[in-house]
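Geometric and topological summary
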Amino acid sequence: MSCTPSPLIDRFARRITYLRLSLTDRCDLRCSYCMPERMTFLPRAEVLTLEELHEVALAFIARGVRKIRLTGGEPLVRRDMMQLVRALGRKIDDGSLDELTLTTNGTRLAEFADDLAAAGVKRINVSLDTMDRAKFAELTRRDSLPQVLEGIAAAKAAGIKVKLNAVALKGINEHELPDLIAWAHGEGHSVTLIEVMPLGEVEGDRFDHYLPLDAVRRDLEARWTLTASDARTGGPARYVDIAETGGQLGLITPLTGNFCEGCNRVRVTATGQLFMCLGGEGKVDLRAALRSENPEAALADAFSRAMGEKPERHAFVIDKPGAAPALARHMSMTGG
């Protein structure tokens, strides 16, 4: 008689119900706070096949994961990625999964919006730091704002709920944030602001552009009425409602407001490395487990080790000019 696999619970009694699964470290933009222009991407041979990514996802679902977010890099640049989306969408149909979503830069969203909706994706995050085309081109090193806006419109037309993610950057977009929020709320989209994270070497000093969100919130409160919301989407954002715009604003504060006490998340890279914490070095190799003689037993052992090693919290800090990043790996390698 087979027994039901036990849920994933770490040593701090936190139950893991949310998987962020990276399809690729590759991206068609080069956001200056995320990666250098001449980024070295992983050899394709090191990246899990779509079938292996599916196996990983099923193994997590069997252990109690109820939400999967597909990430990158840019997930929509992965060839044939819709095969995986459709396969995972069927787990929503049979009740094994509550939600399948993804984070995208939006450049190829117009091409995929209808297919994503048909596969069961009802909500997506789109990264958008500015509505100024020249500034967008400067930040991303690509003149792609029109394509992104077209993608957002296509997602809305397909019935997909859009949340915009904007990294708050001192001296770059801080004065635009109210206009970005007002535009998004007018279009029926929510917005989440994110503090810049010290991951990977970039061609500049993150200290110069680090903008604490408590300062941003004070500025917004001078303009609008912000009321704390009980809304939760399974991630680290804390939400407020804005009376004047009628919309919702999320705040992700890895530096000024550590949110780790309720962490329900793990990340798997495109190479199958299971990172228990975005801000930690600890990882477990799922690719080796998948390719072993007994993948089921090897994955179970890997999950047990991961739960025993998941840290209580990250230790991100940006407190002085010229400091090295908290971690050498870039966000695009871990999965956003």
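Okay, so let's go over this structure. (Residues numbered from 1 in each chain as written. Predicted model: local features only at pLDDT ≥ 70, side-chain atom pairs only at ≥ 80, totals over all residues. Heavy atoms only, no water.)

A separate point is the nonpolar core. In this structure, F60, I68, L193, L274 and L286 are the most contacted members of the largest nonpolar core, which totals 86 residues. In terms of residues, this core owes the most to one element, helix 1 (residues 50-62), which gives 7 residues. If near-sequence neighbours (up to four positions away) are discounted, F60 is found in contact with L8, L19, V65, V266, V268, L274, L286 and F303. (Core = buried A, V, L, I, M, F, W, Y, C linked by side-chain atoms within 4.5 Å. Buried < 20%, exposed > 50% of the residue type's maximum accessible area, 1.4 Å probe, protein only. Helix = DSSP H or I, 4+ residues; strand = E, 2+ residues; numbered from the N terminus. Contact = heavy atoms within 4.5 Å.)

Judged by how many residues are buried, strand 9 (residues 247-252) sits mostly within the fold: 5 of 6 residues are covered. For strand 6 (residues 190-195) and strand 9, the ladder comprises 4 bridges, and the chain directions are parallel. Its bridge partner being in strand 9, V191 is matched across the sheet by L249. As defined by bridge partners, strand 8 (residues 238-242) adjoins strand 9 across 5 bridges and the pair is classed as antiparallel. Opposite R238, over in strand 9, you have L251 as the bridge partner. Counted along the chain from strand 8 to the antiparallel partner strand 9, the turn is 4 residues long, and its residue G246 has a positive phi close to 75 degrees. (Pairing = 2+ DSSP bridges.)

So, about the packing of helix 2 (residues 81-93) against helix 3 (residues 109-118). Contact geometry for helix 2 and helix 3: axes closest at 9 Å, N-to-C directions at 20 degrees. Taken together, the axes of helix 2 and helix 3 are roughly parallel relative to one another. The chirality of how helix 2 crosses helix 3 is right-handed. Contact residues: M81, M82, V85 and R86 in helix 2; F112, D115 and L116 in helix 3. Classifying every residue of the contact of helix 2 with helix 3 by side-chain character gives 5 nonpolar, no polar and 2 charged. (Axes fitted to C-alpha atoms, helices over the stretch in contact; angles between N-to-C directions. Parallel < 35°, antiparallel > 145°, perpendicular 65-115°, else oblique. Left-handed = near helix turned anticlockwise from the far one by under 90°. Nonpolar A, V, L, I, M, F, W, Y, C, P; charged D, E, K, R; others polar.)

Its location among the elements puts I124 in strand 4 (residues 123-127). Here I124 falls in the buried class, since its relative accessible area comes to 0%. Measuring from C-alpha to C-alpha, the distance between I124 and L70 comes to 9.7 Å, with 54 residues separating the pair along the chain. Aside from chain neighbours lying at most four places away, what touches I124 is T101, L102, T104, L109, A155, I160, K161, V162 and K163.

Per the stated rule, a full pass over the model turns up 1 aromatic pair. Ring geometry for F60 against F303: centres 4.5 Å apart, planes inclined by 50 degrees, an arrangement best described as tilted. With a gap of 243 residues between them, F60 in helix 1 and F303 in helix 10 (residues 295-309) connect regions that are remote in the sequence. For the residue pair F60 and F303, the accessibility class agrees, reading buried in each case. (Phe/Tyr/Trp six-rings, centres within 6.5 Å; stacked < 30°, edge-to-face > 60°.)

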